[in-house]
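Coordinate analysis (summary)
Each chain, letter by letter, is given below.
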Amino acid sequence: MSRFLALTTSPGFEQRLVLSLAAGHEVQVLSGPAGHQSPADVLSRNLGGPIDVVIFGPDVSVEDWFALASAIDAENPEIVLVLAAAPSSELTLSAVRSGIRDIIDPGADAHDLTQALERAANTAASRRQASVAGAREEQPRGRVVSVMSPKGGVGKTTVSTNLAVGLARTVPMGAVIVDLDLQFGDVGSGLGLEPAHTITDAVRGSAASDSMVLKAFLAPHPSGAYALCAPLRPAEADLIEPAHVAALVHQLSLEFPYVVLDTSPGLGDVVLAVLELATDAVWVCGMDIPSIRGLNHGLEVLRQLDLMPPSSTVVLNFADKRSGLTVKDVEATVGLPVEVVLPHSRAVPFSTNAGVPMLQSGRRDPVAKGLGALVAKIAAGGTVVGARNSRRRVAVS
Ligand SMILES: Nc1ncnc2c1ncn2[C@@H]1O[C@H](COP(=O)(O)OP(=O)(O)OP(=O)(O)O)[C@@H](O)[C@H]1O
Ligand SMILES: [Mg+2]
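Once a new chain begins, its residue numbering starts again from 1 and follows that chain's sequence as written. Lettering of chains starts at A and numbering of ligands starts at 1, both following the order in which they are written. In keeping with the model being predicted, local features are shown solely for residues with a pLDDT of at least 70 and side-chain atom pairs are shown and tallied solely at 80 or more, while totals for entire chains, interfaces and linings include all residues. Side-chain descriptors were evaluated using all non-hydrogen atoms of the structure, hydrogens and water having been removed beforehand.

What follows deals with the site of ligand 1. Near ligand 1, the surroundings consist of 17 residues, among which Lys156, Thr157, Thr158, Asn317 and Thr352 are the closest. Here a polar contact is recorded for every N or O atom pair within 3.5 Å, except that within protein the pair must consist of a potential hydrogen donor and a potential acceptor, and residues adjacent in sequence are included only if both atoms are side-chain atoms. In this structure, an oxygen atom belonging to ligand 1 sits 2.6 Å away from a side-chain N or O atom of threonine 158. With respect to ligand 1, the side chain of asparagine 317 contributes an N or O atom lying 2.8 Å from a nitrogen atom. Computed by Shrake-Rupley with a 1.4 Å probe, the accessible areas treat only the displayed protein chains as cover when residues are assessed. Here ligand 1 loses 81% of its free accessible area of 630 Å² to cover by the protein chains. Within the residue set of the shell around ligand 1, elements represented by two or more residues are α6 (156–170), β12 (311–319) and α14 (347–354). Each residue receives one of three labels: charged for Asp, Glu, Lys and Arg, nonpolar for Ala, Val, Leu, Ile, Met, Phe, Trp, Tyr, Cys and Pro, and polar for the others, Gly being one of them. Taken together, the residues of the shell around ligand 1 sort by class into 6 nonpolar, 9 polar and 2 charged. Near residues are defined by distance, with any heavy atom within 4 Å of the molecule or strand qualifying the residue. A run of H or I in DSSP counts as a helix once it spans at least four residues, and a run of E counts as a strand once it spans at least two, with each numbered from the N terminus.

Written as structure tokens, this is what we have:
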């Protein structure tokens, strides 16, 4: 979905825009003379998320659109600017100079208008992606650890919540966990939190561009970690765009040394959008054939898309030597070493149900030990701590 802001006082043009906009996009009209609007007035409009496209209507004077477009383009190159005007070579030159990306004929038929709007939406989406990728190279960022698995229920939330709590011990106030299981996330319940704000607030309005506002939406956890929990209602997930989540993760990575991402099962659009930013992948895998095969396919897909983060760790959960499989079988199938093994333990559902992660309670348990090793690896920058031969760590009990 893209958010369009149209500057026009022409009810006719407004109506044609609304009718031509493909389903899923949103348009808001800023009526009133454009000459009275500053770039800040335009950009502070709350569209429920960052503005993707600004359209100058046919009634806006050349001086007004030229001044506004130039100012918006200078500060917000990711916003696509479109002018509705009868094209002429003189006008095209001014438009190019002011950063206007496309000129649409106000008299065009509905089909052409729809296509032009769709073109602008696509350009906006790729600009936003590029600005995230570009910024990624420019500024120092914290580690972004994405905890994933193609299959559900294998322990992603258990691992990610413990990782956030463990990392917050190494750098107090330095870790934030983001629940990217937008429909059914349970990071809040796993951490015993009832947050006042969720990721829905964080991708909207001024939080999307202002770190101070964004930080106000994070829920503090007693361990010193922060959490950005999933929306309270699953339907809100539809309002959250993958590109906006990527921008949010990027922003958090500029503020925190560690950003831990809990994800939904599989490799959905949101996961793929944030993987470009991830420095570490933590793959959680159950000790059963569907889970191992699923992981293998997932890794293949990411290699094909060239989206494998620089560092990967396989966590084998529910490990049980009576499963008929060995760690070597898992390694041979997925082609990566298994560096962390978490046995089946009754202490884990107990901790989930209590909303107190294992590493918070300080409970002595083989699972807590394995999770501690994972924290140490991430804190050491993605390299295995202690043993040279990581395989010595992975006996299955
Ligand atoms: N090593 C373990 N031993 C026993 N129970 C475990 C272990 N790891 C996780 N569990 C339990 O399994 C259940 C699923 O774990 P969790 O919610 O972490 O999985 P998930 O991958 O996040 O699931 P989903 O795909 O639904 O998000 C939880 O009740 C958790 O307490
Ligand atoms: Mg989960």
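Here the narrative resumes, following the displayed structure.
All right, on to the confidence of the model for the protein chain then. Looking at the protein chain as a whole, its pLDDT mean stands at 88, while 93% of the residues score no less than 70. The predictor attaches a confidence to each residue, called pLDDT, with possible values from 0 through 100. Here, residues are in contact when the closest pair of their heavy atoms is within 4.5 Å. Counted against residues more than four places away or in other chains, residues 385–393, with its pLDDT under 50, gives 15 contacts.

Fitting a line to C-alpha atoms yields each axis, with helices limited to the stretch in contact; the angle taken between N-to-C directions then spans 0 to 180 degrees. Following both chains from N to C, one finds α6 and helix α16 (residues 366–379) inclined at 60°, their axes separated by 9 Å at the closest point. In terms of orientation, α6 and α16 fall into the oblique class. As for how α6 packs across α16, the hand of that crossing is right-handed. Counted together, Val159, Asn162, Leu163, Gly166, Leu167 and Thr170 of α6 and Leu371, Leu374, Val375, Ile378 and Ala379 of α16 form the full contact between these two elements. Considering only residue class, the contact of α6 with α16 consists of 8 nonpolar, 3 polar and no charged. Roughly parallel covers angles under 35 degrees, roughly antiparallel covers those over 145, roughly perpendicular covers 65 to 115, and oblique covers all other angles. Two helices crossing with the near one rotated counterclockwise from the far one by less than a right angle form a left-handed crossing, whereas a clockwise rotation gives a right-handed crossing.

This paragraph deals with the packing of aromatic side chains. Aromatic rings from Phe, Tyr and Trp, with only the six-membered ring used for Trp, were paired whenever their centres fell within 6.5 Å, and each pair was classed as stacked if the ring planes differed by under 30 degrees, edge-to-face if by over 60, and tilted otherwise. Per the stated rule, a full pass over the model turns up 2 aromatic pairs. For the ring pair tryptophan 65 and phenylalanine 66, a centre distance of 6.3 Å and an interplane angle of 50° mean the geometry is tilted.

Turning next to the pattern of salt bridges. Think of a salt bridge as a Lys or Arg side-chain nitrogen and an Asp or Glu carboxyl oxygen that are within 4 Å of each other. Under the counting rule described, the total for this entry stands at 6 salt bridges. Salt-bridge contacts for glutamate 255 lead to lysine 215; the nearest nitrogen and oxygen are separated by 3.4 Å. Residue glutamate 255 is located in helix α10 (residues 242–255), and its partner lysine 215 is located in helix α9 (residues 211–216); the two are separated by 40 residues in the primary sequence. For every residue, the accessible area (1.4 Å probe, protein chains only) is compared with the maximum for its type, and the residue is labelled buried under 20%, exposed over 50%, or partly exposed between those bounds. Accessibility expressed as a relative area gives 37% for lysine 215, which makes it partly exposed.

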